[in-house]
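# Descriptive analysis of the structure
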Amino acid sequence: MPWYRLEYTKKDTARFLSHRELMTTLQRAMKRASFPLTYSRGHHPRPKLSYGPPLGVGVAGLREYMDLELDREISTLEYLQFLNDQLPPGIIAQNLVKLDPGEAGLGKFINCACYRIEAGSCIPTISWEQLFNKLEEEYPNLTDGLLKWCVDLAGGYLEVLMEVGQKGVSLRTLLEALNKGIGTSVLLPVMVTRTGLYQLENGLLIDPLKKYTHLLEEK
Amino acid sequence: MTIKQLLVEKILPQVRKPAQYLGTEWNSVHKDFDAVPARMVFAFPDLYEVGMSHLGLQILYGLVNQREDCLLERSFAPAVDMEAELRRAGLPLFSLESHRPLKDFDVIGFTLQYELSFSNVLNMLDLAGLPLRSADRQDDQPLVIAGGPAAYNPEPLAPFIDAFLIGEGEEALLEILDVVGEVKGDKGRASRSQLLERLVEIPGVYIPSYYRAEYNEQGWYKGIKPIHPKAPERVQRRVVRELDSAYFPVSQLVPISEAVHERGMLEIFRGCTRGCRFCQAGVIYRPVRERTPETLLAAARDIIKNTGFEEVSLISLSSLDYGALDQLLPQLTQGCEATRIGISLPSLRVDSFSVKTAQGLPGRRTSVTFAPEAGTQRLRDVINKGVTEEDLFKAVEAAFDAGWFAVKLYFMVGLPTETIDDLKGIADLVNEVIQIGKRYSRGKKRPRITVSASSFVPKAHTPFQWEGQNSRDLLTKKHHYVRELVKRSRAEYNWHSIDASFLEACFARGDRKLADVLEIAYKKGCRFDGWSEHFRFSLWMESFNELGIDPVDYAEKTFAYDEALPWEVIDAGVSKDFLIEEHQRALAGKPTPDCRAGRCGKCGVCPSLKVANCLVKGRGR
Ligand code: SF4
């Protein structure tokens, strides 16, 4: 049976959904939109879906992915519309493409993620660059998994590209370190957005729909 | 900044499970608030995850929002962390749909599912920025109403609630909202006093401030008198006569944050006439009114289509008693299997037929629950639970045979006339169930038997309403005794908090004086009393002490038949003579048959409420 890859956005108030809540919401929306989902065999059939790395509560995602197996081929444009008609506010289906047989699943494909961390109205008194230098002293391993970062002082945000999986530092640790570095005991009202998920290979960044390819510059 | 903006930017990032405060559920209804004349918020005094699993909410939400001139939004008790954030930020409690303060609504309607949510009612009023007591609220502040099973003894909440709606809400709530719209007219606000003058004319509406409770010199409740010319002596409950044609929601709210049950709800019938003598639901939802298989199949189809749920649950007090299962189930199963929808039954009757029926339904089922309630035939006759030992053993055999090795057994401890033999009987039953399990366990699979025991709580309007609860000491000893015996047979034994059951007993049969206790306890910090992690019994005891009220006088009180009962201002339709007779039969160990089979047991409900059992016929099996 054919596999499809869905690209979607989780933003605005929908960013407060947990991974599980989001998956249930997407799954029910697909049922309402009459997607011919393929189910596993056995006593408790479940739709055959696979997800990219989970997104935490409160974190938005601009380009997130889910793979789904369907019982038959569908018109992707038509079904993309059906799905959008059934999604609650803040969740938007962006693209739906059929995968080539034998194409790597999301878990295998994705190995890095790009996050944008905004400090909102609470821009720290020290510059992001100073902060980062300070953090590097305190958390020697912090930047290990960070492949690249860029700081936009005027925009008040930090963008990081980091490895997903065991190797890299977790987003949570990074945020904790940032909080500590700024010296606030309360959690900084940051807005975190995952702007994309990629495969990094030989210095090339490829997105799961293979629409873009970037050359990764040095950090 | 609006409440919504503040929430999103400042508050939601700080709380657990923030999605529950968004109001973006599929099938939620968002109307133009300012364009709708009669606006009500349904206030559920427990967490989102509990309230969203509640059928009554789904029914009233769909029903009211269908009307163009009304709107019904939702508000649940905020979790403890959310309450702290709201108070810190000085934000009022809001509705989920429009994120408006509760104060902006014309009506705030609480549903009272259990006594242990009463402190949350006060907390929600306070978070809404309203004075707790009706008498202290301004005339133009929202009307506060309440309904649900715990409203059948409204007295402990009397000073806080403007009007109670007793019984089923489908018709009466719309009548109330009509009056609200009319009285309000084009004024921005309706006057509460004017509203009450009109609402008193609606059958089923009880306005506590129109009555004065009287007490004797010892402080015992003596009776209640109307002090308003229009207030009826007794308020009769409302009942929907024709359930099959009544409104039923098919575009049910789909929880966006995790809920206890996430499934489509198909109410196959209402009412249960089995007549268990401890059971309040069996009284207050009489008689039985079944929906036809055609109606149900059509509703199921739409629910599945409109929600995307993975499961549909057949809801009623005893779903396997439905008269046309043989017409409903095959077709429903076929439809559900095609779309990979599971079908669940909330509880199984204790017999093998039930198990076999459940086995035939699609969906995941790993455990089964049976409720024999008492350990011996004698005591089961006393409570009129028509279950024999053989029924139980056969049911359990069928369950093991079906491969369900997790079996949960419900019992009640502290029932009237209970002796040590009855307690031993529980352990004997459990033991035998385990022996059966051993015979069926194919080598590796061991049966897992869990015994879940509650303590008997006497409830208003039941044949046991006169009976006192066992003392807490005695209940503790009894539970320990059974646990020791059960442990020997290597089953797990859990029991509900005895302190919580004790408090429940106080309020289930309490009078207006308990309102003061409730208010003090609330102010001391009591809330979420039904949740063991939040229940603070010592604060409750302090509150009783401060007022010189002994809670034991309430929980353990045995009433005489001719004594005034605080809840008698409510007429549940069942006659007092019937309840006395049932109580007598209980003490004599005489069972009373179910009137569903045809013979009227003369409980009084049908003639007094002008209703009748409404049964659909199956093709016969
Ligand atoms: S009046 Fe008779 S038929 Fe009606 S509910 Fe009571 S016992 Fe059953």
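In case you missed it, the structure is sitting above this.
Below: a short report on this structure.

Calculation rules
Residues numbered from 1 in each chain as written. Chains lettered and ligands numbered in written order. Predicted model: local features only at pLDDT ≥ 70, side-chain atom pairs only at ≥ 80, totals over all residues. Heavy atoms only, no water. Helix = DSSP H or I, 4+ residues; strand = E, 2+ residues; numbered from the N terminus. Buried < 20%, exposed > 50% of the residue type's maximum accessible area, 1.4 Å probe, protein only. Polar contact = N/O pair within 3.5 Å; in protein donor to acceptor, adjacent residues only side chain to side chain. Contact = heavy atoms within 4.5 Å. Pairing = 2+ DSSP bridges. Axes fitted to C-alpha atoms, helices over the stretch in contact; angles between N-to-C directions. Near = heavy atom within 4 Å. Nonpolar A, V, L, I, M, F, W, Y, C, P; charged D, E, K, R; others polar. Expected span 1.5 Å × (residues − 1).

### Focus: the side chain of Ser354(B)
All names here are of chain B. Among the structural elements, serine 354 can be located in helix H11 (residues 352-359). Serine 354 sits in the buried class, given a relative accessible area of 0%. Of the polar contacts made by the side chain of serine 354, one reaches the backbone oxygen of arginine 349; its length is 3.2 Å. A polar atom in the side chain of serine 354 sits 2.6 Å from the side chain of aspartate 351. In this structure, serine 354 is in contact with Leu320, Leu348 and Arg349, ignoring residues within four places of it in sequence.

### Remarks on the sheet that holds strand S10 (residues 264-267) of chain B
Strand pairing within a sheet occurs via backbone hydrogen bonds; the two strands may be parallel or antiparallel. Residues and elements named next belong to chain B. What the three strands build is an open sheet, ordered S10-S13-S14; its pairing is parallel. Each of the sheet's edge strands pairs with one partner strand only, and the pair in question is S10 and strand S14 (342-344). In this sheet, neighbouring strand axes are inclined to one another by 25 degrees on average, regardless of whether the strands run parallel or antiparallel. Here strand S13 (residues 311-315) runs beside S14; their pairing, made up of three bridges, is parallel.

### Concerning the pairing of strand S3 (residues 60-69) of chain A
All names here are of chain A. Within S3, nine of the ten residues are buried, leaving the element largely enclosed by the surrounding structure. One ladder, built from seven bridges, connects strand S1 (residues 3-10) with S3; its direction is antiparallel. Residue pairing across strands places leucine 6 opposite methionine 66, the latter belonging to S3. Note: strand S2 (residues 49-51) against S3, three bridges, orientation antiparallel. Across the sheet, residue serine 50 finds its bridge partner in S3, namely aspartate 67.

### A short note on the site of the ligand
In the region of the ligand, the neighbouring residues are Arg286(B), Cys595(B), Cys600(B), Gly601(B), Lys602(B), Cys603(B), Gly604(B), Val605(B), Cys606(B) and Asn613(B). A class-by-class count of the residues in the shell around the ligand yields five nonpolar, three polar and two charged.

### Thoughts on helix H1 (residues 19-32) of chain A
With 14 residues, H1(A) should cover 20 Å at 1.5 Å per step; its first-to-last C-alpha distance of 20 Å lies within 8% of that length. Burial runs high along H1(A): twelve of the 14 residues are buried. For H1(A), the elements touching its buried residues are S1, S2, S3, helix H2 (76-84) and strand S4 (91-98) of chain A together with helix H9 (293-307) of chain B. After H1(A) finishes, the residue Ser34(A) shows a positive phi value of roughly 50 degrees.

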